[in-house]
Amino acid sequence: QVQLVESGGGLVQAGGSLGLSCTVSGDIFRNFAMAWFRQTSGKERDIVASVSWSGRTTYYADSVKGRFTISRDNAKTTAYLQMSNLKPEDTAVYYCAVDRKRDGPYYVGGPKDTDYAWWGQGTQVTVSS
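Since this is a predicted model, take the numbers as computed values, not measurements.

About the cut-offs
- Here the residue numbering is sequential within each chain, running from 1 through the sequence in written order.
- Thresholds applied to this predicted model are a pLDDT of at least 70 for local features of residues and 80 or more for the giving and counting of side-chain atom pairs; totals over whole chains, interfaces and linings are not thresholded and use all residues.
- The side-chain values count all of the structure's non-hydrogen atoms but skip hydrogen atoms and water molecules.
- Counted as salt bridges are all cases of a side-chain nitrogen of Lys or Arg within 4 Å of a carboxyl oxygen of Asp or Glu.
- Counting from the N terminus, the helices are DSSP H or I runs at least four residues long and the strands are E runs at least two residues long.
- Pairing of aromatic rings covers Phe, Tyr and Trp, the last through its six-membered ring, and needs centres within 6.5 Å; plane angles under 30 degrees mean stacked, over 60 mean edge-to-face, and all others mean tilted.
- Throughout this description, buried means an accessible area under 20% of the type-specific maximum (1.4 Å probe, protein chains only), exposed means over 50%, and partly exposed covers the range between.
- Only Lys NZ and Arg CZ are tested; either one counts as a charge over a ring when it is within 6 Å of the ring centre and within 35 degrees of the ring normal.
- To form a nonpolar core, buried Ala, Val, Leu, Ile, Met, Phe, Trp, Tyr and Cys residues must be joined to one another through side-chain atoms within 4.5 Å.
- Note on definitions: a residue-residue contact is assigned when non-hydrogen atoms from the two residues lie within 4.5 Å.
- By disulfide we mean two sulfur atoms from cysteines, separated by a distance within 2.5 Å.
- Here the rule is simple: two strands pair whenever DSSP picks up at least two bridges between them.

1. Considering the pattern of salt bridges
Reasoning step 1: Scanning all chains against the criterion turns up three salt bridges.
Reasoning step 2: For Arg38, the salt bridge goes to Asp90, with nearest N and O atoms at 2.8 Å. Note that Arg38 is positioned in strand S4 (residues 32–39) and Asp90 in the loop between strand S8 (78–83) and strand S9 (92–102), a separation of 52 residues in sequence.
Reasoning step 3: Across the pair Asp103 and Lys101 runs a salt bridge whose closest N-O atoms are separated by 3.6 Å.
Reasoning step 4: Here the residues in one salt-bridge network are Arg38, Arg67 and Asp90, joined through shared partners.

See the structure below:
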C-alpha cells in the first residue's frame, strides 16, 4: 500500500518561513511527478507547486511564485516544500500527492487534484498577522 506522510506544519508569523516534508512508502513501479496542494475549510484543493520525477522541472501557482520552493530527494522518497515570506492567505491544510501516471523527466504533473492518485493526510499551516 502506498502511503504519504507529511510533516512540518505549524503556526508562524507573517513573513516567516516553514518547511514541509512528504515521505512516500510502498510499491511504486514507475516514476511519478509529485505536487503540493492546499485547502481551506469548505474549499477545493488548489495546486501550490509540483515537480517532475527527475526534479528537473517545477511548476508554481502564481500566488506562491518566488516565495515557495518545491524539491525532492528520490533516494529518500521525500518531497519538500520550503515556504518563505508567508502571508495570512497561505493558511490552509497542505497535502502532498503523487500523480496518476508515469511520464518523462520534464513532466511536472497535472494541475488538478483529480490528476493525483495518492494523498497524504495533510498538515496544517497557520500564518498569523
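Still more to cover.
2. Details of the packing of aromatic side chains
Reasoning step 1: In the structure shown here, the tally under the stated rule is five aromatic pairs.
Reasoning step 2: Seen from their ring centres, Phe32 and Trp118 are 5.7 Å apart, and the 85° between their planes marks the pair as edge-to-face. Placement of the pair is Phe32 in strand S4 and Trp118 in strand S10 (residues 116–119), with a sequence separation of 86 residues.
Reasoning step 3: On the basis of relative accessible area, Phe32 is assigned to the buried category, the value being 8%.
Reasoning step 4: Each member of the aromatic cluster is reached from another via a ring pair, and the members are Phe37, Tyr95, Tyr116 and Trp119.
Reasoning step 5: Over the ring of Tyr95 we find Arg45; its NZ or CZ atom is 3.9 Å from the centre of that ring.
Reasoning step 6: Sitting over the face of the ring of Trp119, Arg45 holds its NZ or CZ atom 4.4 Å from the ring centroid.

3. Points about the nonpolar core
Reasoning step 1: Judged by nonpolar contacts, the single largest core of 28 residues is most densely connected at Trp36, Val48, Phe68, Leu81, Met83 and Tyr94.
Reasoning step 2: Among the elements of the structure, strand S3 (18–25), S4, strand S5 (46–51), strand S7 (68–73), S8, S9 and strand S11 (123–128) are those that each provide at least two residues to this core.
Reasoning step 3: Residues in contact with Tyr94, not counting those within four places in the same chain, are Glu6, Leu20, Trp36, Phe37, Arg38, Val48, Phe68, Leu81, Met83, Gly122, Thr123 and Val125.
Reasoning step 4: With five residues, the next largest nonpolar core counts Ala35, Phe37, Ala97 and Tyr116 among its residues.

4. Points about the state of the cysteines
Reasoning step 1: Tallying each qualifying case throughout the model produces one disulfide.
Reasoning step 2: Linked covalently through their sulfurs, Cys22 and Cys96 form a disulfide whose S-S length is 1.9 Å. Across the S-S bond linking Cys22 and Cys96, the dihedral sits near 60°, which makes this disulfide right-handed. In this pair, Cys22 is assigned in strand S3 and Cys96 in strand S9, connecting sequence segments 74 residues apart. Accessibility classification places Cys22 together with Cys96 in one group, the buried group.

5. Focus on the pairing of S3
Reasoning step 1: The alternating pattern of S3 places Leu18, Leu20, Cys22 and Val24 on a buried face and Gly19, Ser21, Thr23 and Ser25 on a face that is not buried.
Reasoning step 2: Two strands pair when backbone bridges link them, and S3 and S8 are joined in this way by six bridges, in the antiparallel orientation. Its bridge partner being in S8, Leu18 is matched across the sheet by Met83.

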